[in-house]
There are 4 protein chains.
Amino acid sequence: MLKQPSSQYRGFRTPGIRLSEEMLPQLTKLSTGRTRPMLHVLHAFDKAHAVMLVEEGLLARDAGIAILQALRQMEKDGVEEVRTRTGGGLHSGEQYLIRALGEEVGGRLHVARSSGDLSSVGINVLQREHLLAVLQAVNRLRRVLLDLGRGHTDTIMPGYSFAQHAQPMTFAHLLLSWATTLARDFDRLHGAFRRVNQSAAGAAIMVGSDFPVNRARTAELLGFDGVHENAADAILELTADDSLDVSAVLAVLYHSMAKWADDLILFSTSEFHFFDIPDRFCNTSSIMMQKKNVIGPAEVKGAAAEALGCVVTSYHALKGPTGLPITERYYALEMMWRVAQNCVRDLGWFCELLPALQVRREHMREAAWRHWATATDLAGALVRERDLPWRTAHQIVGILVRLCEERGLGPADVTPALLDEAAGAYHGRPAGLDAAAIRQALDPARFIAARTLHGGPAPAESLRQADLFARGLADDERTVAAIEARLAEAARKLEAAIDSLIG
Amino acid sequence: MLKQPSSQYRGFRTPGIRLSEEMLPQLTKLSTGRTRPMLHVLHAFDKAHAVMLVEEGLLARDAGIAILQALRQMEKDGVEEVRTRTGGGLHSGEQYLIRALGEEVGGRLHVARSSGDLSSVGINVLQREHLLAVLQAVNRLRRVLLDLGRGHTDTIMPGYSFAQHAQPMTFAHLLLSWATTLARDFDRLHGAFRRVNQSAAGAAIMVGSDFPVNRARTAELLGFDGVHENAADAILELTADDSLDVSAVLAVLYHSMAKWADDLILFSTSEFHFFDIPDRFCNTSSIMMQKKNVIGPAEVKGAAAEALGCVVTSYHALKGPTGLPITERYYALEMMWRVAQNCVRDLGWFCELLPALQVRREHMREAAWRHWATATDLAGALVRERDLPWRTAHQIVGILVRLCEERGLGPADVTPALLDEAAGAYHGRPAGLDAAAIRQALDPARFIAARTLHGGPAPAESLRQADLFARGLADDERTVAAIEARLAEAARKLEAAIDSLIG
Amino acid sequence: MLKQPSSQYRGFRTPGIRLSEEMLPQLTKLSTGRTRPMLHVLHAFDKAHAVMLVEEGLLARDAGIAILQALRQMEKDGVEEVRTRTGGGLHSGEQYLIRALGEEVGGRLHVARSSGDLSSVGINVLQREHLLAVLQAVNRLRRVLLDLGRGHTDTIMPGYSFAQHAQPMTFAHLLLSWATTLARDFDRLHGAFRRVNQSAAGAAIMVGSDFPVNRARTAELLGFDGVHENAADAILELTADDSLDVSAVLAVLYHSMAKWADDLILFSTSEFHFFDIPDRFCNTSSIMMQKKNVIGPAEVKGAAAEALGCVVTSYHALKGPTGLPITERYYALEMMWRVAQNCVRDLGWFCELLPALQVRREHMREAAWRHWATATDLAGALVRERDLPWRTAHQIVGILVRLCEERGLGPADVTPALLDEAAGAYHGRPAGLDAAAIRQALDPARFIAARTLHGGPAPAESLRQADLFARGLADDERTVAAIEARLAEAARKLEAAIDSLIG
Amino acid sequence: MLKQPSSQYRGFRTPGIRLSEEMLPQLTKLSTGRTRPMLHVLHAFDKAHAVMLVEEGLLARDAGIAILQALRQMEKDGVEEVRTRTGGGLHSGEQYLIRALGEEVGGRLHVARSSGDLSSVGINVLQREHLLAVLQAVNRLRRVLLDLGRGHTDTIMPGYSFAQHAQPMTFAHLLLSWATTLARDFDRLHGAFRRVNQSAAGAAIMVGSDFPVNRARTAELLGFDGVHENAADAILELTADDSLDVSAVLAVLYHSMAKWADDLILFSTSEFHFFDIPDRFCNTSSIMMQKKNVIGPAEVKGAAAEALGCVVTSYHALKGPTGLPITERYYALEMMWRVAQNCVRDLGWFCELLPALQVRREHMREAAWRHWATATDLAGALVRERDLPWRTAHQIVGILVRLCEERGLGPADVTPALLDEAAGAYHGRPAGLDAAAIRQALDPARFIAARTLHGGPAPAESLRQADLFARGLADDERTVAAIEARLAEAARKLEAAIDSLIG
């Protein structure tokens, strides 16, 4: 007889049944290793499936109770440990039950499902867990940014474009722009969450089974928002868009984080020196003891590169006809779990680092006009006070800047005569601004104060934005709280259903 | 005097003003070439900006009228042609106006904006236009899939996993799974559309200007859904997530399309031969005249590779501190315009190709059980009729398949005796199913008919799904129609505002 | 006093020296974790550096002997274990020595080098080790392919293009084409090996030190082929091309392997069924017991996706100004070590799998003409025997194939009358080939036998190729053997130098 | 009769022959568009093939002469124009000849080859041409770097690591490191050139033909270095490694160029300000007239992103079983042609820009010690003069730097007392260096002068490196010259062979 003694049951692929050789140990090891992160999900699925089978009369009540009691027992000994010890993998539950209860009982768990829905449920719940953790961390950082921004509405600094001094802005303005980016990230991540949190349970390998399962019930017990309406669509082996989706939204988020990390590194160089980074984020050198290597933000940038690598790996691994790339998928997923964990880590570092930055306000403000960043408003003054066309005023100030550079002069050295010289060179007429008007036009504080337009960096407008963004954040925090509540409720329902069965 | 004669005005970067050398011609050419696809958007922005300036008293009414009349005149001569002739680029409007009206009037257009919001408006409107075209094309294909699916609920075919015959499904079931994927694509694309269709106008380079512009008005006239609330966030040079977002959702859509193209190619090989592809999608060889090379789907697959390349190029080009990568962005955008256009093209090909497929129903149905795809339900029969545990039944049928393969037998050759032999080998007891039960269990038509579960391929359930998905599609079609109406209304408002000014 | 008691020395970054805070434990953990794979290399470098310092008079002989004896002692206790216990990281050697010998002696090791050359030596030796293992594995597979090919010169099979039956080839012809690809891979990998196996030792952080070190000596003791001639170029933090190079050549190799894996999977489907894959490379399903999922080749394809992801991660992580991305590099390297290990694994699987394939010769040969793959030579016969222009002959046979398809006929059904009908339809004249000529033209064995041209699949020509490629392989095997000998000799020299010092 | 009148011949795929429908015009257009860049190559192949056929007796002398004369005539009218007008594509030669000479003669050209070798020859010659142009441009830049480097051996500047001031180096040292990187790029590019410059001519679609062609002769006339020894390997549709290889080596080169572009941008910011970039490489802003946007290097960075995108597109497009992805390949190739052209463009810009940089020597030299970059050598002085262990000296100077930072002091403010204080804090003993020793230790000129080690930045050592690298460059220039000569000789041979035939 080919039947294995239940107490030593090693799974359904033993040689002599369908296949005649043992699988190469290295291949077995690879495949069980991959399901390790989802063992707790498989456990919950085993429980929910057993409950549903009993409720629908597809599993005798006695057998169902024995199975559920055994699974409860497994929890006492540690789900991960017991399942790993029992061979690991998608079918570690069945394997444990057959060993514990015999094939006659334990062999009844797997009716009406397949490795297809097992792995889809496992992957989707893991994606859901990771996305939820990222959503929480994104919201935490948004709150940090808004709080910090409110305190920096008068921290004037240069804004750059093409790495050139462009115009003054405030640190608040920059932080608020980061907060709006994160609001879009929340939108993207939550969109992915909604699309991912659908139940494949009961879809088996792509067409379900001919047993009358209750897919809605299993979905409810596992905390899914709904049931995939088409069983082929439910099986991730067939439709690959979910994983691409998740890896893409993580990568987009990481791209912004890496950009901010680049800003922090650049702004903390000796040359820019807007910030000092707290020493706990820094390392030094084994020979250049003067160095303060900024490490934390560099980790963010490295992890962002892996996030892009994950998108490419996912896209490439999943290429091929429907249902062909399956094993390949795990090369992408293992990278994705890492990326998602790093993402929570790195969002956390921003939360810790940003409020701890030592901001060198005086230096930043001085930098905000030292390299002509306020020159635009000198042209603006010519438009307003002398009714020059914008382009005329712009060209005159352009000549002024060139003349000053040639003569080694800076913005503080601009006189009415110099400006007249530039205007004269342009169109043969003087500019006609007095010294006070020039000084005022070039003053960065006035520059900021005058930017009261919708979206501008004037302090009151920044506070308006902060309030608006805080309301959006509060909405998103409620969204996250509702998800958390829904998942907790599902977990409670599952245990209650088991309790009511096993008495 | 450095001022250029207005009639020969060549732009504000002429040597002698701010800079002392002419820019290298090759660099100039690169930069003007890039704005070519957005000249019509810049034109609309020029008009809307002029209207708003006049309405807000920032531009004298007379000058405003002259400017708007000149822009209307340009339309008669062809916006693209005139702007390209006038030097092209972001400032082709100003350049044209200065030449036509003199710097005294034409030089007043550019007040209170910058290249920053010009290019952000240009890029976002182009992204909006491309996304809208893709949304429309996605919906067209969804409708084709649902219509086609309704006619194929009894076209039975093998479903594959690991490239192995897994279980029977129907062509309708497959087409419906594609339709659900496209519904998710619609969700993703529309999310990106919402995030992208925000107005940067008035945000200038990152902090706006000190002129009291009315950003909401310009946004309304340009068909935007809203105004970026933070001016730094408005400028795409600073926040790169938009472009990554758009290229990512296009790539995810393309991945699925490529997978379906792979299916069509595989299923039309001599070996599978489920479909014949119409000759208009095929080429032949200069020496192997028997060949019918399937070209259309191969184009989809090639374009999908470029879509992934576009994600990587975008992500990489935009890496760097805030405001540093700007020129780099265009290398990604030019690829993105191509990808989006190909995407509409390829969605269109599916719309044409799928209904024209010659579906070889008899062959497909025969294939659906010839390689044991219905074996699962023989185990199911043992469970139901002999109360065997699933695992026991599964192993017995596993042995049966192996025995048949060793003896050169197929599913049609299975007898009660053979099944009993397998059961005996497993656990020393016969299986006890009669010939009729075996034949019925292995029949693919019965297999499909029994899959009435939620999400299954039974014909009635497929029709339920088709109806459900059609309702979702109708919603999404209304969403698209509303966008189209909003954009048309904005265009009307803009022209009406100009009419009321120029009388 | 800030000096730590030597016995508890925890490294040079302790708070109170240069920096005032302890580094975040998570950051410390990340950085030490990364150097784990290179601890044995750092150990060798510590020894070689100490030897060189003593030889050059830069380290007192007594101190040198104490250091070298302590390092020898460490080997007894296990280099990896002791270094990990001592804090891990680049400076685990120094840390161990200071604890063991006091700062007065142990603190003298690090003179004239830096973390820069430590990590460059570590990385380059690891790249060298991985590349060497891949070179060895590539050669093993080449030998397998040549041996196998020699036995399959008369295993006729269809060749495909566009997934269509193109022309007959032989399995030998296919295997030999794989062998030539691998010869190019060897060339690429060896090129990378040569470029990588250069010594950074003594280059410190980019300019070396002002101590008169002997870089050539250290390089010799560490088995390098030479010394980086420019110290900035030596430090991988500055010049990133090496890692890109290595990841790219691995990815190119993996691309071909994935293609072959795709072939194996396709050719083992029920539809193609040219091969049976041994069961030890296969899995089955928990519900579809008939399935024989081919797992091994799928692993190759997944790993290939990661290899591409590694290229992208490397390229992206290393972007930025000279000397800026450093930490980021490790995200790429950790992926690269994995890719290289998988590469050796997967080359090994091909070596095991290919000779074990059950090749279905009869079926393959039948397939080689059943779908008109020999039709080209019917046109050839018309050219040769009837002096038709190629194009005329090609079009006539094209018509013939279409007529046959329309009438449900295959190649075996072609008669002189049918061919005449096609020729008549084309140009109003009969073709004039008799039945024997037609039969012969369409025979796949004759088809192959006639391909005696340079590069063709005729058996004798295949054997010529196999011999030629075997000579190339023998050369490359000698190259690998020479590398192995050189590295062994360097290791011997290092130990001899230590022996001669410590007596 | 289906035969087209020769004068209106439109190719072999006309409906009614093999296929019954016209191909969709959009598909036709796509496919002919792709061969446009290779029309001149196809022309040369047509000529060489005709010569070889006549020489081998496979084409009657009269017909051969007529064909060659017609092809010569085409050259008078413009190969590109005539071929494009005649339908374009791989078979534009045959099409032209049939129209010009009738099918009876023109229809004889295509014997013994196929679209497979046509496209492989076309692609490989294009890859060869692009690689050659890049090799030439790489060498030009190497020469510029060496010449420029020789003049900057005493231009001292800070070297950075982690964006921190690490140690002084010289501009020469940096330029020489770039030159060595380019030498490796030459090696990689030349390796790819060698692997690519092999002839597929005669390999037809994968097995050649049964006509006794002389492949060596065609290869010789087309300037190939050899003949692919295996006909399947010759056809790029089957073996994809070539294109991956070429795109990878281009991307690796681009990565370095982008890094240098980043350096130039960073070093020309107001904050670093080591260089002024000539105005012809710069743009300014439409509102921020002070800005000098550095454009040229930004183009390099954008093109580098596309180079990475090309690697990914290539890798992804070519994934799939042997002979399946063919059309897909062109999506990768069109990107590759663009990348290669940009590469030559951007190498050229470096050649123009680098010698034109305005180098601010005084400022750079001052920066080279202002932020403690020479501190390492103060520790070195303690080692040498006070026999302190390196680690002890390092920690003492670490304390010194911290004390100075806390007290607002810089390197110029270090006194013996301060150093003693630091030493005392560390181990309770004074340091004992006098003021002169300290001053000297911290002097950047002395720092550089002392780096005479192999690979160091001391001026004489830099000159030694420059000489060494110049010798390597001269070798590589000879390699390029030899390639150019070989190709010119092949072109001469081809024309001579034609001349001797047509008399």
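*Asks:* In this structure, what is going on with helix α5 (residues 92-101) of chain D? I would like to understand it.
*Replies:* Owing to its 3.6 residues per turn, the α-helix aligns residues three or four sequence positions apart on the same side. Burial analysis of α5(D) places seven of its ten residues in the buried class, the great majority of the element. Taken residue by residue, α5(D) has Ser92(D), Gly93(D), Glu94(D), Gln95(D), Tyr96(D), Leu97(D) and Ile98(D) as its buried positions. Among the structural elements, α16 (390-406) of chain C together with α2 (39-55), α3 (61-77), α4 (79-85) and α6 (103-106) of chain D are those in contact with the buried residues of α5(D). In the segment just after α5(D), Gly102(D) is the residue with positive phi, at about 85°.

*Asks:* Looking at this structure, I do not really get the interface of chain B and chain A. What am I missing?
*Replies:* Many authors give the size of an interface as the accessible area that is lost as the parts come together. Taken together, the contact between chain B and chain A spans 124 residues of the former and 125 residues of the latter. The junction of chain B with chain A conceals about 10400 Å² of combined surface from both sides, 56% of it contributed by carbon and sulfur atoms. Linking chain B with chain A are 24 salt bridges, by the criterion used here. Between Asp387(B) and Arg108(A) there is a salt bridge whose closest N-O contact spans 3.2 Å. On the surface where chain B and chain A come into contact, there are 72 residue pairs in polar contact (both at pLDDT 80 or more). Ranked by residues supplied to the side of chain B that touches chain A, first place goes to helix α11 (residues 241-267) of chain B with 14 residues. Split into classes, the residues belonging to the side of chain B that touches chain A amount to 55 nonpolar, 35 polar and 34 charged.

*Asks:* Looking at this structure, I do not really get the relation of the copies chain B and chain A. What am I missing?
*Replies:* Between the two copies of the chain lies a rotation about an axis combined with a shift along it. Of the transformation superimposing chain B on chain A, the axial component is 0.0 Å and the angular component is 180°, with the fit at an RMSD of 0.0 Å. The relationship between the two copies is best expressed as a two-fold rotation axis. Taking C-alpha positions as reference, the residue of chain B nearest the rotation axis is Ala248(B), located at 3.1 Å. Take the interface residues of chain B: 100% of them recur as interface residues in chain A, which is what a same-surface contact looks like.

*Asks:* Sorry, what's going on with the environment of Val111(B) here?
*Replies:* For Val111(B), the location among the structural elements is in the loop between α6 (103-106) and α7 (115-150). With relative accessibility at 4%, the residue Val111(B) sits in the buried group. Taking the C-alpha atoms as reference points, Val111(B) and Gly11(B), separated by 100 residues in sequence, lie 15 Å from one another. When sequence neighbours within four positions are dropped, the list of residues in contact with Val111(B) reads Val383(A), Trp390(A), His49(B), Leu53(B), Leu58(B) and Phe211(B).

*Asks:* It is not clear to me how the confidence of the model for chain A should be interpreted in this structure. Could you clarify?
*Replies:* Detailed reading of the predicted coordinates is not advisable wherever pLDDT falls low. Mean pLDDT for chain A: 97, with 100% of residues reaching 70 or above. Reported confidence for the predicted complex is 0.97 by ipTM and 0.98 by pTM.

*Asks:* Whenever I open this one, the interface of chain C and chain D confuses me. Can you help?
*Replies:* Tallying the contact residues gives 125 residues for chain C and 125 residues for chain D. In total, chain C and chain D occlude about 10300 Å² of area from one another, counting both sides; carbon and sulfur atoms represent 56% of this. Our count for the contact surface shared by chain C and chain D stands at 24 salt bridges. Salt-bridge contacts for Asp241(D) lead to Arg188(C); the nearest nitrogen and oxygen are separated by 2.8 Å. The tally of links between chain C and chain D comes to 72 residue pairs in polar contact (both at pLDDT 80 or more).

*Asks:* Just to check I follow, could you spell out the environment of Met289(C) for this structure?
*Replies:* Structurally, Met289(C) is set in the loop between β6 (282-283) and β7 (293-294). If we skip the residues at most four places from it in the chain, Met289(C) touches Arg18(A), Ala375(B), Thr376(B), Ala379(B), His394(B), Val397(B), Gly398(B) and Thr284(C).

*Asks:* How should I be thinking about the side chain of Thr86(A) in this particular structure?
*Replies:* Along the polypeptide, Thr86(A) turns up in the loop between α4 (79-85) and α5 (92-101). At a separation of 2.4 Å, a polar atom in the side chain of Thr86(A) contacts the main-chain carbonyl oxygen of Val82(A).

*Asks:* Please explain the relation of the copies chain C and chain D as it appears in this structure.
*Replies:* For the pair chain C and chain D, the best superposition has an RMSD of 0.1 Å and corresponds to a rotation of 180° with a translation of 0.0 Å parallel to the axis. Most of the interface of chain C is mirrored in chain D: 100% of its interface residues are interface residues there too.

*Asks:* Before we go on, may I ask you to explain the packing of aromatic side chains in this structure?
*Replies:* How two aromatic rings sit relative to each other is set out by the distance from centre to centre and by the angle between their planes. All chains considered together, the criterion is met by 38 aromatic pairs over all chains. An aromatic cluster is defined as three or more aromatic residues linked by ring pairs; in this entry it consists of Tyr160(A), Phe171(A), Phe267(A), Phe272(A), Phe274(A), Phe275(A), Tyr160(D), Phe171(D), Phe267(D), Phe272(D), Phe274(D) and Phe275(D). The ring centre of Phe211(B) lies 4.6 Å from the NZ or CZ of Arg384(A), which sits over that ring.

*Asks:* I would appreciate a short explanation of the pattern of salt bridges in the present structure.
*Replies:* Where charged atoms from two side chains of opposite charge come close, those side chains can pair. Under the criterion given, the structure shown has 192 salt bridges over all chains. With a shortest N-O distance of 2.6 Å, Glu299(D) and Arg34(B) are connected by a salt bridge. On the criterion of chain membership, the pair formed by Glu299(D) in helix α12 (residues 296-317) and Arg34(B) in helix α1 (residues 25-35) is interchain, its members lying in two chains. Residue Arg34(B) is classed as buried on the basis of its relative accessible area, which comes to 7%. Residues joined in a network through salt bridges with shared partners are Arg184(A), Asp185(A), Asp187(A), Arg188(A), Arg194(B), Arg195(B), Asp233(B), Asp241(B) and Asp245(B).

*Asks:* Where do I start with α3(D) in this structure?
*Replies:* Residue and element names in this part refer to chain D. Taking 1.5 Å per residue, 17 residues should reach 24 Å; α3 reaches 25 Å between its end C-alpha atoms and fits that length. Each element contacted by the buried residues of α3 is listed here: α2, α4, α5, α6 and α20 (459-502). Two residues or fewer after α3 comes Gly-78, characterised by a positive phi angle close to 100°.

*Asks:* How should the packing of helix α8 (residues 171-196) of chain A against helix α20 (residues 459-502) of chain A be read in this particular structure?
*Replies:* The geometry of a pair of packed helices is captured by two quantities: the angle between their axes and the separation between those axes. All names here are of chain A. The interhelical angle for the contact between α8 and α20, taken along N-to-C directions, is 25°, at an axis separation of 11 Å. When the axis of α8 is compared with that of α20, the two are roughly parallel. Here α8 runs over α20; the crossing is left-handed. In this structure, α8 contributes Ala-172, Leu-176, Thr-180, Phe-186, His-190 and Phe-193 to the contact, and α20 contributes Ser-462, Gln-465, Ala-466, Phe-469, Asp-476, Thr-479, Val-480 and Ile-483. Of the residues assigned to the contact of α8 with α20, the class counts are eight nonpolar, five polar and one charged.

*Asks:* When you look at the packing of helix α16 (residues 390-407) of chain A against helix α17 (residues 416-427) of chain A in this model, what are you seeing that I'm missing?
*Replies:* All names here are of chain A. Relative orientation of the contacting elements α16 and α17 amounts to 120°, with a least axis distance of 8 Å. With respect to α17, the element α16 is oriented oblique. Remark: the crossing between α16 and α17 carries right-handed chirality. Between α16 and α17, the residues in contact are Thr-392, Gln-395, Ile-396, Ile-399, Leu-400, Leu-403, Cys-404 and Arg-407 and Leu-418, Leu-419, Glu-421, Ala-422, Ala-423, Ala-425, Tyr-426 and His-427, respectively.

Rules used in this analysis
- Residues numbered from 1 in each chain as written.
- Chains lettered and ligands numbered in written order.
- Predicted model: local features only at pLDDT ≥ 70, side-chain atom pairs only at ≥ 80, totals over all residues.
- Heavy atoms only, no water.
- Buried < 20%, exposed > 50% of the residue type's maximum accessible area, 1.4 Å probe, protein only.
- Helix = DSSP H or I, 4+ residues; strand = E, 2+ residues; numbered from the N terminus.
- Contact = heavy atoms within 4.5 Å.
- Buried area = accessible area lost by both parts, 1.4 Å probe.
- Salt bridge = Lys/Arg side-chain N within 4 Å of Asp/Glu carboxyl O.
- Polar contact = N/O pair within 3.5 Å; in protein donor to acceptor, adjacent residues only side chain to side chain.
- Nonpolar A, V, L, I, M, F, W, Y, C, P; charged D, E, K, R; others polar.
- Least-squares fit on C-alpha atoms with pLDDT ≥ 70 in both.
- pLDDT = per-residue confidence, 0-100.
- Phe/Tyr/Trp six-rings, centres within 6.5 Å; stacked < 30°, edge-to-face > 60°.
- Lys NZ or Arg CZ within 6 Å of the ring centre and 35° of its normal.
- Expected span 1.5 Å × (residues − 1).
- Axes fitted to C-alpha atoms, helices over the stretch in contact; angles between N-to-C directions.
- Parallel < 35°, antiparallel > 145°, perpendicular 65-115°, else oblique.
- Left-handed = near helix turned anticlockwise from the far one by under 90°.

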